[in-house]
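Fold and contact review
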Amino acid sequence: MTTEQVTRALFDEVMVPNYNPQQFVPVRGQGSRVWDQEDKEYIDFAGGIAVNALGHAHPALVAAIKEQADKLWHLSNTCTNEPALRLAKKLTDATFADKVFFCSSGGEANEAAFKLARKYSYDNFGPEKNEIIAFNQAFHGRTLFTVSVGGQQKYREGFEPVPGGIGHVPFNDLKALKAVISDKTCAVVMEPIQGEGGIIPADPEFVRGVRELCDQHNALLVFDEVQTGVGRTGQLYAYMDMGVTPDIMTTAKALGGGFPIGAMLTTDKCAPSLGFGTHGSTYGGNPLGCAVAEAVLDQINTPELLASVGDKRALFVAELEKINAKHGIFKEIRGAGLLIGAELTESWHGQAAKFLAAAREAGVMLLVAGPNVLRMTPSLIIPDEDIKQGMAKLEQAIAQVIEQAKAIEADSAA
Ligand SMILES: *Cc1c(COP(=O)(O)O)cnc(C)c1O
């Protein structure tokens, strides 16, 4: 089979229909630009859903993977390896954490976090203390445990019975949490900014209150920083400017810059509960992935890069506001750093996907976060010129969607 024969249409023939990918097939990328099979160019505001934090084919990452590929790919956890040791040292040096568990995705990192929370409470307080409290609209992954802790019922439907001992309360509602937290609570789990749920930042006061309630009840605070981590918000991790430190934190997505890797970070207090033989992963901590992640961290964890995220956000927001002044389609622009959500006005609610398709036509890749919010999670080093060009294309797309809606309205009035 030649490349010409492999088309988007083949997807529907040979793939399980759990995704509905866009109607083009990208074949290469460079920085924040991507080209498809027809050599059409796209500006990439999607960033692989907050994964390609250094864009496509970043020279430092390409060099790291090539160098490691010639040396050692995989050993299994019967041996440790230099890249994993170096990466763990860098992650613990850079964060609150003392100990790291490596895996291959965000969902697996959360799976490990929730298992550790249960096990820690079991070891220290007994089997009764097993309840996990999470928040409505939260997203923590697609394994059965993580969709159960996640706050979107639709991801659990039909997969029951799901694990028990999990409750949900509204996000940013301290009273609601206070009403359900108890000495049976082993962990409270939250995203510092809900990503999939619509780019909803946690109120600083709420986060501090959650920490206090956890302390009062000997419950662990778990931060899911799979989307917010590795420089996305302009901090290495979002918790760092919230005045609150979690007991367990998960990171993935941007950590590998496109290579699948995840990690669960925790303290010396909690780590012993994942004693020898209690948990594991075949691929977790493999040298190839860790070598790439080490290069990602080296690039991103610098004061200059982290500071530039705020500048790029300012440009994104200014451009979005310009579009809004003309077309009046955004109710609110929110998020932090380069995790940007633009909620559509009420009359456009439910139609976010329409803008995605029009944007693709215009040559810019976007994301949605639910039916009402356009989401952008571009490379942290996207050039300003690409931001401006992408925004011009986005405006074109928005104008086109509005035109179409007007035409349909005129038609039905006639
Ligand atoms: C993407 C995401 C996950 C799941 O990560 P996978 O690598 O897809 O398993 C978990 N939590 C948050 C906050 C995410 O954004």
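Residues numbered from 1 in each chain as written. Predicted model: local features only at pLDDT ≥ 70, side-chain atom pairs only at ≥ 80, totals over all residues. Heavy atoms only, no water.

What follows deals with the UniProt feature "binding site: N(2)-acetyl-L-ornithine" (unreviewed entry) in the chain. Mapped onto the present numbering, the UniProt feature "binding site: N(2)-acetyl-L-ornithine" (unreviewed entry) falls on Arg142 and Ser281. Tracing the sequence through the fold places Arg142 in the loop between strand E5 (131-135) and helix H6 (144-149). For Arg142, a relative accessible area of 56% translates into the label exposed. Those residues in contact with Arg142 that sit more than four places away from it in its chain are Val147 and Tyr155. With respect to the helices and strands, Ser281 occurs in the loop between strand E12 (262-266) and helix H9 (287-300). Those residues in contact with Ser281, other than ones at most four positions away along the chain, are Asn77, Phe101, Phe102, Cys103, Ser104 and Glu108. (UniProt positions renumbered as here; feature names shortened; annotations may be inferred. Helix = DSSP H or I, 4+ residues; strand = E, 2+ residues; numbered from the N terminus. Buried < 20%, exposed > 50% of the residue type's maximum accessible area, 1.4 Å probe, protein only. Contact = heavy atoms within 4.5 Å.)

Moving on, we get to the sheet that holds strand E7 (residues 185-190). The 7 strands lie next to each other as E4-E12-E11-E10-E7-E5-E6, forming an open sheet whose pairing is mixed. Each end of this open sheet is capped by a strand with a single partner; those strands are strand E4 (99-103) and strand E6 (166-169). Between one strand and the next, the sheet's axes are offset by a mean angle of 20°, whatever the strand orientation. In terms of strand pairing, E4 meets E12 through 5 bridges, oriented antiparallel. Counterpart to Cys103 in the pairing with E12 is Gly262. Of the strands in this sheet, E4 and E12 are in contact with helix H4 (residues 82-94), which crosses E4 at around 130°. (Pairing = 2+ DSSP bridges. Axes fitted to C-alpha atoms, helices over the stretch in contact; angles between N-to-C directions.)

Of the positions making up helix H3 (residues 59-69), those classed as buried are Leu61, Ala64 and Gln68. One side of H3 carries all its buried residues, which in axial view fall inside an arc of 60°. Residues of H3 that are exposed and point over 90 degrees away from its buried face: Pro59 and Lys66. Here the buried face of H3 lies against H4 and H9. (Arc of directions from axis to C-beta.)

On to the site of the ligand. All residues in the neighbourhood of the ligand are listed as Ser105, Gly106, Gly107, Asn110, Phe139, His140, Gly141, Glu191, Asp224, Val226, Gln227 and Lys253. A distance of 2.6 Å is found between an oxygen atom of the ligand and a side-chain nitrogen or oxygen belonging to Lys253. Summarising the interface, the protein chains cover 80% of the accessible area of the ligand, which totals 390 Å² for the free molecule. Broken down by element, the residue count for the shell around the ligand peaks at 3 residues, all from helix H5 (residues 106-125). (Near = heavy atom within 4 Å. Polar contact = N/O pair within 3.5 Å; in protein donor to acceptor, adjacent residues only side chain to side chain. Areas by Shrake-Rupley, 256 points an atom, 1.4 Å probe, with all protein chains shown as cover.)

Tracing the backbone through its elements, the reader meets Asp44 in strand E3 (residues 41-44). Buried within the structure, Asp44 lacks any salt-bridge partner; its nearest side chain of opposite charge belongs to Arg232, at an N-O separation of 9.5 Å. One polar contact links Asp44 to His56, side chain to side chain, over a distance of 2.8 Å. Excluding its chain neighbours within four sequence positions, the residues that come into contact with Asp44 are Ser32, Val34, Asn52, His56, Met365, Pro378 and Ile382. (Lys, Arg positive; Asp, Glu negative; His and termini not counted. Salt bridge = Lys/Arg side-chain N within 4 Å of Asp/Glu carboxyl O.)

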